[in-house]
Amino acid sequence: MPDGCLRCKQRRIKCDETLPVCIQCTRKGFECPGYKRPLKWSSKYEVGKSGNNSAAPKSSERVLQRTGPIQPVEPNLFEFTVSDGATHSLSVQEDVQSAQNETAARPDPVFISAANSLSSNDIWTPSSLLSDDCGDSWTRTFMAQRTLSTPQDDDTALLWHYFSKVCPVNSCFDSQKNFLRVEVGSLISSRPLIHYCVLSMSAAHLTTKQRNMVAITLRHRTSALSCLKAKLTKGFSIPEINNGSPLNDIAEILLGSILLGMTEGWHDPSQLGVTHLHGARSLFQKWITTVPARCPRTINTITGIMSYWEAVASFVHNQCLDSISYLMPYSLEDERCDIYVNPWTGICTPLFIHLAQVGILTRQRSLARQLSVGWGHIGPDMLEQARAIETALLSYKILSTDRIEDTVDSRTPVDHLQRIARVYRLVGLLQLYMTFPELHGGPFVDSSLNHSILSLATNVLTTIGVLPPTSGVYCVLTIPLIIAGSALQLSCFSSDVPASTLQQDTYLFWRNFVRERIKTIQEIVGLAVIGRAQKILDRVWFLADVRRAAEGPGQEWEYIQWTEVMSSEKLESIFG
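Here the structure is a predicted model, which means the values were calculated and not measured.

Visitor: I would appreciate a short explanation of the overall build of the chain in the present structure.
Guide: When helices and strands are tallied, the chain shows 19 helices and seven strands. By the burial criterion, 56% of the 576 residues in the chain qualify as buried. Summing over all exposed atoms, the chain offers an accessible surface of approximately 24,300 Å²; the carbon and sulfur share of this is 54%.

Below you can see the structure in the form of structure tokens.
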């Protein structure tokens, strides 16, 4: 007679013993292992499945230990050590579901750490980092030791998903130098705010395939927001600010605001996280005055993250250029210093700052048009600002290989980062020229400017085409594809039928290329919000084709702005 399935026995809950699978496992989304007992009993130990002669250790004897640095090609391995010296290696690339289907003979491990802020006593706690953030000692060794009993299945699975699935697609490279894996991961156990942010991110990432995760996402977001409110209410004391660590209390709140704001659209693409962005600006300016100058890596990382956020947000809400003035000191790179690779901006943080300026001016010109000021008439200040940004983009130099730190990720070698820098430099100019044809000589687009813009767009797409889908940089390609794709609008400058047919074939080829790449990104990143990018472009192309059919050669012509289409179709999203 059955007396409960293996998973219910492992979780120490009463099993309903329903056939063929129990309701407890079904409700939790687990695969029920059934009621068979493939175990042998000795007088002293419970032995695992037949053919496995190693004794199952006591729970208090289990230790999860990181055995070495993350390998760039092979999956990262964490070694599971037991008291009798036997070890089991578990790949970090295994699916979350496989972790949930482990039997009682093998406990569920968790990557690096889980938070000790859980209400339950069933937790995993990590030891302290063996070195601080400063200097080149970035490679860490993590230990996680077990306390009391098995961790909660839901939170453990979410943490597993964060380290195995979210980290690789939420950064343009993934190794022991990935801030979102290493530094954020090290804060999970000791900082409840970061803990709930990570759980919320992980649950939100799963909502595309599991709609029941929305409630779990909102629950963890609510907990994170409560922690954030408590931190802000408490304020900061001088000793806490000046404790010599770059990841002080201000940094914790800043990171929490970034994680909450940037991922707010993961479960609901219409959410933009603008409120969190405004708060993060103030926190960054306070934090940057307290962080030790001897920690350039952390300064570079947080600055790059804020620059990326400003860039992707600049296209979805109206603001003035002064709103990002706090980042302008970082728009010039020190040619004497080596460059640390940033998880979101790669090696070109200044280009993201300039792209944020371009996005702001694009929205400002569209707003002027909506207010009946006229597309062809802009103030001299706005045009001068556009010219200054154009000059900065044209003068930007792609960094040489010898100045760039190795990512220790063979999927994303340095030349991929250099290509991404080239892409973002070109799309900044591309968006600028489509918005301000005056930079090319007149208020409207002529055949010469149309040719230049098409050349820029095809150069962007050709560079993207060289990058393999396995590269980590695919996670930051959505905005470049939208901008380059929106430039693929057939003009009315020629009535020559053969030339027009050839031109149509060229545009259709590149449009299909953009569709394929956006589809690839959505499959890699796994977020529904990416699908909105294609909806925006499809509408832009449709409107451009209808206009071309209705108008004849010689008429005044201008580009349909993708930002205007995005707003009119209510498709505003943070594409990051």
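Visitor: Just to check I follow, could you spell out helix α14 (residues 414–435) for this structure?
Guide: Residues that lie three or four places apart on an α-helix share one face, since the helix turns once every 3.6 residues. Between its first and last C-alpha atoms α14 spans 32 Å; for 22 residues at 1.5 Å apiece the expected length is 32 Å, and the two agree. The buried fraction of α14 amounts to 19 of the 22 residues, a majority that puts the element mostly inside the structure.

Visitor: Would you explain the UniProt feature "domain: Zn(2)-C6 fungal-type" (unreviewed entry) in the chain in this entry?
Guide: Sequence positions flagged by UniProt for "domain: Zn(2)-C6 fungal-type" (unreviewed entry) are, in local numbering, residues 4–32. Structurally, residues 4–32 is divided into 41% helix and 0% strand, and its ends, taken at the C-alpha atoms, are 10 Å apart.

Visitor: What is the right way to read the packing of aromatic side chains from this model?
Guide: The geometry of an aromatic ring pair is captured by two quantities: the separation of the ring centres and the angle between the planes. Applying the stated criterion across every chain yields a total of ten aromatic pairs. Look at W510 and F513: their rings are 5.4 Å apart centre to centre, the planes differ by 75 degrees, and that puts the pair in the edge-to-face class. Within this pair, W510 and its partner F513 are both found in helix α17 (residues 497–525), separated by three residues, close to a single helical turn. Accessibility assignment for this pair places W510 and F513 in one class, buried. Cluster of aromatic residues (ring-pair linked, three or more members): F284, W287, Y326 and Y330.

Visitor: Can you walk me through the packing of helix α9 (residues 249–262) against helix α11 (residues 296–313) in this structure?
Guide: A pair of packed helices can be characterised by two numbers: the angle between their axes and the separation between those axes. The interhelical angle for the contact between α9 and α11, taken along N-to-C directions, is 30 degrees, at an axis separation of 12 Å. Comparing the axis directions of α9 and α11 gives the class roughly parallel. The chirality of how α9 crosses α11 is left-handed. Facing L254, L255, S257, I258, G261 and M262 of α9, the residues of α11 in contact are I302, I305, M306, Y308, W309 and V312. Residue composition of the contact of α9 with α11, by class: ten nonpolar, two polar and no charged.

Visitor: Just to check I follow, could you spell out unusual backbone geometry for this structure?
Guide: In terms of backbone geometry, most residues other than glycine have negative phi values and most peptide bonds are trans. Positioned with a positive phi, E17 is a non-glycine residue whose angle comes to about 60 degrees. Owing to a relative accessible area of 32%, E17 belongs among the partly exposed residues under this scheme. Phi is positive for V408, which is not a glycine, with a value near 55 degrees.

Visitor: Would you mind showing me how to read empty space enclosed by the protein here?
Guide: Which parts of space are left empty comes out when a probe the size of a water molecule is rolled across the atoms. Here the structure, examined in full by the defined rule, presents seven cavities of 30 Å³ or more. Grouping the constituent residues of the lining of the largest cavity by class yields eleven nonpolar, three polar and no charged.

Visitor: Would you explain the pattern of salt bridges in this entry?
Guide: Where charged atoms from two side chains of opposite charge come close, those side chains can pair. Using the criterion set out here, one finds 16 salt bridges in the structure. Measuring nitrogen to oxygen at the nearest pair gives 3.1 Å for the salt bridge that ties E252 to R191. With E252 in helix α9 and R191 in the loop between α5 (179–187) and α6 (192–206), this residue pair connects regions lying 61 residues apart in the sequence. Of the two residues, E252 and R191, neither departs from the other in class, the shared state being buried. Residue class for E252 comes out buried when judged on its relative accessible area of 1%.

Visitor: Explain the side chain of S331 to me, please; I cannot follow it from the model alone.
Guide: The residue S331 is located in the loop between α11 and α12 (349–370) in this model. Among the polar contacts listed, one links the side chain of S331 to the backbone oxygen of M328, at a separation of 2.7 Å. When near neighbours in sequence (up to four residues on either side) are disregarded, S331 contacts P350, I353 and H354.

Visitor: Any chance you could explain the environment of L193 here in plain terms?
Guide: Looking at the secondary structure, you find L193 in helix α6. For L193, a relative accessible area of 1% corresponds to the buried category. Placed 60 residues apart in sequence, L193 and I253 show a C-alpha to C-alpha distance of 7.7 Å. Contact partners of L193, with chain neighbours within four places excluded, come to A224, C227, L228, E252, I253 and G256.

Visitor: Before we go on, may I ask you to explain the packing of α9 against helix α10 (residues 274–287) in this structure?
Guide: One can describe the packing of α9 onto α10 by two numbers: an axis separation of 9 Å at closest approach and a directional angle of 155 degrees. With respect to α10, the element α9 is oriented roughly antiparallel. For the element pair α9 and α10, the recorded crossing hand is left-handed. Counting all contacts with α9, which are made through I250, A251, I253, L254, S257, L260 and G261, the residues of α10 involved are H276, A280, L283, F284, K286 and W287. Classifying every residue of the contact of α9 with α10 by side-chain character gives nine nonpolar, three polar and one charged.

Visitor: Explain the side chain of D409 to me, please; I cannot follow it from the model alone.
Guide: Relative to the elements of secondary structure, D409 occurs in the loop between α13 (380–395) and α14. With relative accessibility at 4%, the residue D409 sits in the buried group. A polar contact of 2.8 Å, which involves the side chain of D409, links it to the backbone nitrogen of D174.

Visitor: Just checking my understanding: could you explain the state of the cysteines for this structure?
Guide: One covalent bond between the sulfur atoms of two cysteine residues makes up a disulfide. Tallying each qualifying case throughout the model produces zero disulfides. Here C5 stays unpaired: no disulfide links it, and the sulfur of C8, its closest cysteine neighbor, is 3.5 Å away. With no disulfide partner, C15 has as its closest neighbouring cysteine sulfur the one in C8, 3.8 Å distant. Here C15 falls in the buried class, since its relative accessible area comes to 8%.

About the criteria used
- Residues numbered from 1 in each chain as written.
- Predicted model: local features only at pLDDT ≥ 70, side-chain atom pairs only at ≥ 80, totals over all residues.
- Heavy atoms only, no water.
- Helix = DSSP H or I, 4+ residues; strand = E, 2+ residues; numbered from the N terminus.
- Buried < 20%, exposed > 50% of the residue type's maximum accessible area, 1.4 Å probe, protein only.
- Areas by Shrake-Rupley, 256 points an atom, 1.4 Å probe, with all protein chains shown as cover.
- Expected span 1.5 Å × (residues − 1).
- UniProt positions renumbered as here; feature names shortened; annotations may be inferred.
- Phe/Tyr/Trp six-rings, centres within 6.5 Å; stacked < 30°, edge-to-face > 60°.
- Axes fitted to C-alpha atoms, helices over the stretch in contact; angles between N-to-C directions.
- Parallel < 35°, antiparallel > 145°, perpendicular 65-115°, else oblique.
- Left-handed = near helix turned anticlockwise from the far one by under 90°.
- Contact = heavy atoms within 4.5 Å.
- Nonpolar A, V, L, I, M, F, W, Y, C, P; charged D, E, K, R; others polar.
- 1 Å grid on protein atoms, 1.4 Å probe; cavity = no way out; pocket = protein on both sides within 12 Å on 5 of 7 lines; lining within 4 Å.
- Points joined across faces, edges and corners; volume = space filled by probe spheres on them.
- Salt bridge = Lys/Arg side-chain N within 4 Å of Asp/Glu carboxyl O.
- Polar contact = N/O pair within 3.5 Å; in protein donor to acceptor, adjacent residues only side chain to side chain.
- Disulfide = S-S within 2.5 Å.

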